[in-house]
Amino acid sequence: MAEIGVGMLGYAFMGKAHSNAFRKVEYMAWPPPLVPRLVAIAGRNQEAVAAAAGRYGYERWTTDWHDIVTDERIGLFDNGGPNSLHAEPTIAAAEAGKHVLCEKPLGRTADESHEVWRRVAATGVKHLCGFNYRFVPAVRLARELIDEGALGEIRHFRGRYLQDWGDDPTLDTWRFDPDQAGSGALGDLGTHVIDLARYLVGEFSSVAGIVKTFVSGRRVDDAIEAAVEFESGAVGTIESTRLALGRRNAFQWEINGSRGSLYFDMERMNELQVFLDGEDRTRGFRTVLVTEANHPFMDFWWPPGHIVGWGDTFVHEVHHLLRSIADGSDVAPHGATFEDGYRASEVGEAIVRSSASGRREQLTFRSLT
């Protein structure tokens, strides 16, 4: 089978998650569209990146991402670095002819995200923005039900992403530095809610938001709330915070239509709560364990009832990208392209503008020209 050389930027949280996926896709999603060869990994800390290269199985390591961009053995550049390093290395890799995967948010601002999309799209390489929750089996099943019309007319979306680790005022991480992160809970968590809303319901038309910082001295947002309207006429709410004590990774959303409803909680990621018209209304939602052989992605894994985990969403994600590279198929609509990454940033900035002005913001999106 054909190989593709992989170069990774970042060795911490996302570098580990993506590297694990490249290792697993070769033998779990058999046969893989392309066999990933882990050629090189880059990071700023020499000792840490060298150790990571050994653990993850990369042939070499470097403290200069330019070494990966110029390595002719690498066909896919995977950017899992801090937000401040998303734009320049990703653009450089694409312009060197490499396919690119970049973690979300695509850029620290909508302008930066649009520039990444514009420059990368001009090269013709495949590009995917790392919204891995599109690749949760329960989320994909929800998309299939919506596409089939099982919910009828979509009327409501409510989504929230709640974590609690940001409550400590002594924490020192790049995620609290606006120069490196761009934003706080909005870019870290809210962007996932925005993308899932776009993926399941459709494009936004307007937002009215509140952006709030609670921890004294912190220069990024701790929480955001927004009321939104979609081009379809559906309405919804979006919430994200890193101060919801007791919530570890609670990405929860609900969709209500004229014929049924769906509910999902990432902390119970193998389950989809379903209510469809015609079912006994006195019994309410039923729990579907999304592990059946005919459910999304289950051909990669285990017999029914044997659950999959958070890290496996990245296996599904990289398999999707590798297949697009191998057969020339589109990354969209199920994979998030850099256009999706840009549009999520544009919605996020509209929420920030609305909070500052106290007025509802109408959404407009830029094209490539």
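Residues numbered from 1 in each chain as written. Predicted model: local features only at pLDDT ≥ 70, side-chain atom pairs only at ≥ 80, totals over all residues. Heavy atoms only, no water.

Asker: Requested: an account of helix H6 (residues 137–147), with residues and values cited.
Answerer: Extensive coverage of H6 is indicated by the burial of nine of its 11 residues. Among the residues of H6, Pro-137, Ala-138, Val-139, Arg-140, Leu-141, Ala-142, Arg-143, Leu-145 and Ile-146 are the ones counted as buried. The inward-facing, buried residues of H6 contact helix H8 (185–200), strand S11 (250–257), strand S12 (260–265), strand S13 (271–276), strand S14 (286–289) and helix H9 (312–327). At the C-terminal side of H6, Gly-149 shows a positive phi close to 85°. (Buried < 20%, exposed > 50% of the residue type's maximum accessible area, 1.4 Å probe, protein only. Helix = DSSP H or I, 4+ residues; strand = E, 2+ residues; numbered from the N terminus. Contact = heavy atoms within 4.5 Å.)

Asker: If you had to explain H8 to someone new, which residues and values would you point to?
Answerer: Taking 1.5 Å of rise per residue, the 16 residues of H8 would be expected to cover 22 Å, and the 22 Å separating its terminal C-alpha atoms lies within 8% of that figure. At Thr-191, H8 is bent by approximately 35°, the largest bend along its length. In terms of residue burial, H8 counts as a mostly covered element, since 16 of its 16 residues are buried. Positioned one or two residues after H8, Gly-202 has a phi angle of 130°, which is positive. (Expected span 1.5 Å × (residues − 1). Bend = angle between axes of the 7 residues up to and from the residue.)

Asker: Got a sec to walk through the pattern of salt bridges? Specific residues and values, please.
Answerer: Evaluated as defined, the whole model comprises 28 salt bridges. The salt bridge involving Arg-119 is made with Glu-95; its shortest N-O contact spans 2.9 Å. On the criterion of sequence distance, the pair formed by Arg-119 in helix H5 (residues 110–121) and Glu-95 in helix H4 (residues 87–95) is long-range, its members being 24 residues apart. On the accessibility criterion, Glu-95 (46% relative accessible area) is partly exposed. Between Asp-164 and Arg-248 there is a salt bridge, with its nearest N and O atoms 2.6 Å apart. Here Arg-248 lies in the loop between strand S10 (235–241) and S11 and Asp-164 lies in the loop between strand S7 (154–162) and helix H7 (178–181), a separation of 84 residues in the sequence. The exposure class assigned to Asp-164 is buried, which follows from its relative accessible area of 12%. Overall, the relative accessible area of 57% leaves Arg-248 in the exposed class. Within the structure, one salt-bridge network assembled from shared partners comprises Arg-134, Asp-195, Arg-198, Glu-203, Glu-339, Asp-340 and Arg-343. (Salt bridge = Lys/Arg side-chain N within 4 Å of Asp/Glu carboxyl O.)

Asker: Which residues make up the pairing of S13, and what values do they have?
Answerer: Counted residue by residue, S13 has six buried out of six residues, so it is predominantly covered. Summarising the sheet, S12 and S13 pair through four bridges and their orientation is antiparallel. Bridge pairing in S13 places Leu-262 opposite Val-274. Linking two consecutive strands that pair antiparallel, namely S12 and S13, is a turn of five residues. Where S13 meets S14, four bridges bridge the pair, whose relative direction is antiparallel. Among the inter-strand pairings, Gln-273 is bridged to a residue of S14, identified as Thr-287. (Pairing = 2+ DSSP bridges.)

Asker: Describe the side chain of Glu-361, with residues and values.
Answerer: Among the secondary structure elements, Glu-361 is positioned in strand S15 (residues 361–362). One polar contact links Glu-361 to Arg-353, side chain to side chain, over a distance of 3.2 Å. When neighbours within four sequence positions are excluded, Glu-361 is seen to be in contact with Ser-205, Ser-206, Val-207, Ala-350, Arg-353 and Ser-354. (Polar contact = N/O pair within 3.5 Å; in protein donor to acceptor, adjacent residues only side chain to side chain.)

Asker: Go over unusual backbone geometry with me, naming the residues and quoting the values.
Answerer: With an omega dihedral of -10°, the bond running from Trp-30 to Pro-31 counts as a cis peptide bond. Among the structural elements, Pro-31 can be located in the loop between helix H1 (13–28) and strand S2 (35–42). With omega at 5°, the peptide bond leading from Ala-332 into Pro-333 counts as cis. You can see Pro-333 is positioned in the loop between H9 and helix H10 (338–357). Of note in the backbone geometry, Phe-297 takes a positive phi value of approximately 70° without being a glycine.

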